[in-house]
Amino acid sequence: MPMPFNGERLKEARRFRKLSITDLANQMEVSKQMISKYERGESIPSAKNYQKLVFLLRFPLSFFQKKDKFEQENLGTFYRSRLTSTQTEKKPSELKKKYLAILANLFEQYVDFPTLSDNSIFSNNPTQAAKQLRSAWNLGTGPILDVMDLLEHHGFKIALVSSDSGKVDAFGSEIKINNEVYYCILIDENNNSYFRQQFSLAHELGHWVLHSGKVYPQELDSIDYRKMENEANEFAANFLLPTSEFIDDVLGEEKDLNNYLRLKQKWKVSISAMIYRVNSLGLLEPNEFRNLQKKLSYNHWRHEEPMDRDYSIRKPILMRQAFNLINKVELFDGNVINDLLENNYGISLPIEIISELLGVSINELQSNNSNIVKYRNEKLMTK
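Residues numbered from 1 in each chain as written. Predicted model: local features only at pLDDT ≥ 70, side-chain atom pairs only at ≥ 80, totals over all residues. Heavy atoms only, no water.

Draft legend 1. Structural detail: the overall build of the protein chain. On a plain count of helices and strands, the protein chain comes out with 18 helices and four strands. Computed over C-alpha atoms, the radius of gyration of the protein chain comes to 23 Å, within 12% of the 21 Å expected from 2.2 N^0.38 for 383 residues, which places it in the range of a compact globule. Taking the principal axes of the C-alpha coordinates as reference, the protein chain spans close to 80 × 55 × 40 Å. Expressed as a percentage of the 383 residues in the protein chain, the buried residues total 50%. Contacts spanning at least 24 positions in sequence make up 76% of the contacts within the protein chain whose residues lie at least 6 apart. Element-wise, carbon and sulfur atoms account for 46% of the exposed surface of the protein chain, whose accessible area totals about 18200 Å². (Helix = DSSP H or I, 4+ residues; strand = E, 2+ residues; numbered from the N terminus. Rg over C-alpha atoms; globule rule 2.2 N^0.38 Å. Buried < 20%, exposed > 50% of the residue type's maximum accessible area, 1.4 Å probe, protein only. Contact = heavy atoms within 4.5 Å. Areas by Shrake-Rupley, 256 points an atom, 1.4 Å probe, with all protein chains shown as cover.)

Draft legend 2. Geometry of the environment of L210. With respect to the secondary-structure elements, L210 resides in helix α8 (residues 194–210). Each C-alpha atom of the pair L210 and Y110 lies 32 Å from the other, and the pair is 100 residues apart in sequence. When neighbours within four sequence positions are excluded, L210 is seen to be in contact with S123, N124, N125, P126, A129, E231, A232 and F235.

Draft legend 3. Spatial organisation of the side chain of D249. Tracing the sequence through the fold places D249 in helix α10 (residues 243–250). Here D249 falls in the buried class, since its relative accessible area comes to 15%. A distance of 2.8 Å separates polar atoms of two side chains, one belonging to D249 and the other to W267. (Polar contact = N/O pair within 3.5 Å; in protein donor to acceptor, adjacent residues only side chain to side chain.)

Draft legend 4. Focus on the nonpolar core. Counting residues in hydrophobic clusters, the biggest one holds 110 residues, and the most contacted among them are Y99, F107, L205, F239, I337, L341 and L358. Per-element accounting of this core gives the leading share, nine residues, to helix α5 (residues 87–107). Setting aside residues up to four positions removed in sequence, L358 forms contacts with L103, F107, M319, R320, F323, I337 and L365. (Core = buried A, V, L, I, M, F, W, Y, C linked by side-chain atoms within 4.5 Å.)

Draft legend 5. The sheet that holds strand β3 (residues 170–177), seen in detail. If you walk across this open sheet you meet the four strands as β1-β3-β4-β2, and the pairing is mixed. Edge strands, defined here as strands with exactly one partner in the open sheet, are β1 (72–79) and β2 (157–161). Each neighbouring strand pair of the sheet contributes to a mean axis angle of 20°, computed without reference to strand direction. The pairing of β2 with strand β4 (residues 180–188) spans five bridges and is classified as parallel. The residue of β4 that forms the bridge with L160 is I187. Strands in contact with α8 are β1, β2, β3 and β4; relative to β4, the strand with the most contacts, it is inclined by about 150°. (Pairing = 2+ DSSP bridges. Axes fitted to C-alpha atoms, helices over the stretch in contact; angles between N-to-C directions.)

Draft legend 6. Broad picture of the pattern of salt bridges. Summed over the entire model, instances satisfying the criterion amount to 18 salt bridges. The residue E8 makes a salt bridge to K11 at a minimum N-O spacing of 3.8 Å. Taken as a pair, E8 and K11 lie in helix α1 (residues 7–16) at a separation of three residues, close to a single helical turn. The exposure class of K11 is partly exposed, given its relative accessible area of 22%. When the shortest N-O distance is used, the salt bridge between D308 and K264 registers 2.8 Å. Taken together, the positions of D308 in the loop between α13 (286–298) and α14 (318–328) and K264 in helix α11 (residues 257–267) put the pair 44 residues apart, joining distant regions of the chain. (Salt bridge = Lys/Arg side-chain N within 4 Å of Asp/Glu carboxyl O.)

Draft legend 7. Spatial organisation of the packing of helix α2 (residues 21–28) against helix α4 (residues 47–57). α4 packs onto α2 with a crossing angle of 120° between their chain directions and a minimal axis gap of 10 Å. With respect to each other, α2 and α4 are oriented oblique. Considering only the axes of α2 and α4, their crossing is right-handed. For the pair formed by α2 and α4, the contact residues are L24, Q27 and M28 on the first element and N49, K52, L53, L56 and L57 on the second. Its residues placed into classes, the contact of α2 with α4 shows five nonpolar, two polar and one charged. (Parallel < 35°, antiparallel > 145°, perpendicular 65-115°, else oblique. Left-handed = near helix turned anticlockwise from the far one by under 90°. Nonpolar A, V, L, I, M, F, W, Y, C, P; charged D, E, K, R; others polar.)

Draft legend 8. Looking closely at the packing of aromatic side chains. Here the structure, examined in full by the defined rule, presents 18 aromatic pairs. A centroid spacing of 5.1 Å and a plane angle of 80° characterise the contact between F156 and W208, whose relative ring orientation is edge-to-face. Of this pair, F156 sits in the loop between α7 (147–153) and β2 while W208 sits in helix α8, placing them 52 residues apart in sequence. Under the relative-accessibility criterion, F156 is labelled buried at 0%. For W208, a relative accessible area of 1% corresponds to the buried category. Between F235 and F239 the ring centres are 5.4 Å apart and the planes differ by 15°, which places this aromatic pair in the stacked class. Of this pair, F235 and F239 both sit in helix α9 (residues 222–240), separated by four residues, roughly a single helical turn. (Phe/Tyr/Trp six-rings, centres within 6.5 Å; stacked < 30°, edge-to-face > 60°.)

Draft legend 9. Expanded view of the layout of surface pockets. Here the second largest pocket is characterised by a volume of approximately 470 Å³. R15, Q72, K91, E94 and L95 are the residues nearest the centre of the second largest pocket, which is lined by 22 residues in total. Where the lining of the second largest pocket is concerned, the elements lending two or more residues are α1, β1 and α5. Looking at the lining of the second largest pocket, the element that brings in the most residues is α5, giving seven residues. (1 Å grid on protein atoms, 1.4 Å probe; cavity = no way out; pocket = protein on both sides within 12 Å on 5 of 7 lines; lining within 4 Å. Points joined across faces, edges and corners; volume = space filled by probe spheres on them.)

Any link to function would need more than the numbers given here.
Quick look at the structure:
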């Protein structure tokens, strides 16, 4: 009797590993037509080919055998660099977003996460929305030292991941799992200095404030998408560099590149972003803006600026803290996460994916604690 097989899961794992049907067929030494039949559910792999799939795609056997036990609604994804990145490059990140939301849904059975605010109360104008959000979050008008920490405290689920792409800095999306809403942001660990990360996260925050629930990005043409991206950039600039306070710092020295070095240390925003902000405020003549751009190029500051190596990129802590808390009271540890995922959601994942999304080392996930309570225990919860 053949083993159960879910062809959609094969397609998901193949896309996660960035393999075309042809790539996988060549590695398995079968025809492209056979892979297509597997994915459409028209054929079931032999035991030998089943083993090859598990080995080549590096997903657990049960991943290919189960069906979803959860309801999912994806409300569109906002990408930075969307116009220059391919679907192949973006697909693994899309799937990681879904897996992050599932893990959050699982953990929420045991811990209380910060509550995500209602974004419908904010203006559709980027400048006004930035002011409103600063006020709502009691941020004042000074520098924001850690946007990552700020977002996690306000209910965003964030993971630092490797996208294996030079074209995807970050992306965010609202996603529903079992009718619970999560706003997940994945940010690439390889494409960001701390200062660039600050702006990328503020940009994704702008999408949440201005566009989430109001715009479905994948339905926009390139012109409308670029307009939406510009709005998110405008929000980020206003959010990180409030107009009045920033003008007070820059006025009179707006043409001096050295002044931006000093301001970078204060405002925790890149020199390039500050120059664009100053230009958008009308404080530079066109030729002055061009001269500053030329100076950036002359100093080789386009890809790396001074101080970039002095600050480490921030790492998310929310999901890691949730795991550590659950593990501490022995509700479950890393050894049984996949058991819970399989029982409750019909899905099991490679341990390296769980490790990356939680920000927990593989060794921590494979701990050998013997006292494990797999399911919710109210007495433990009240400890």
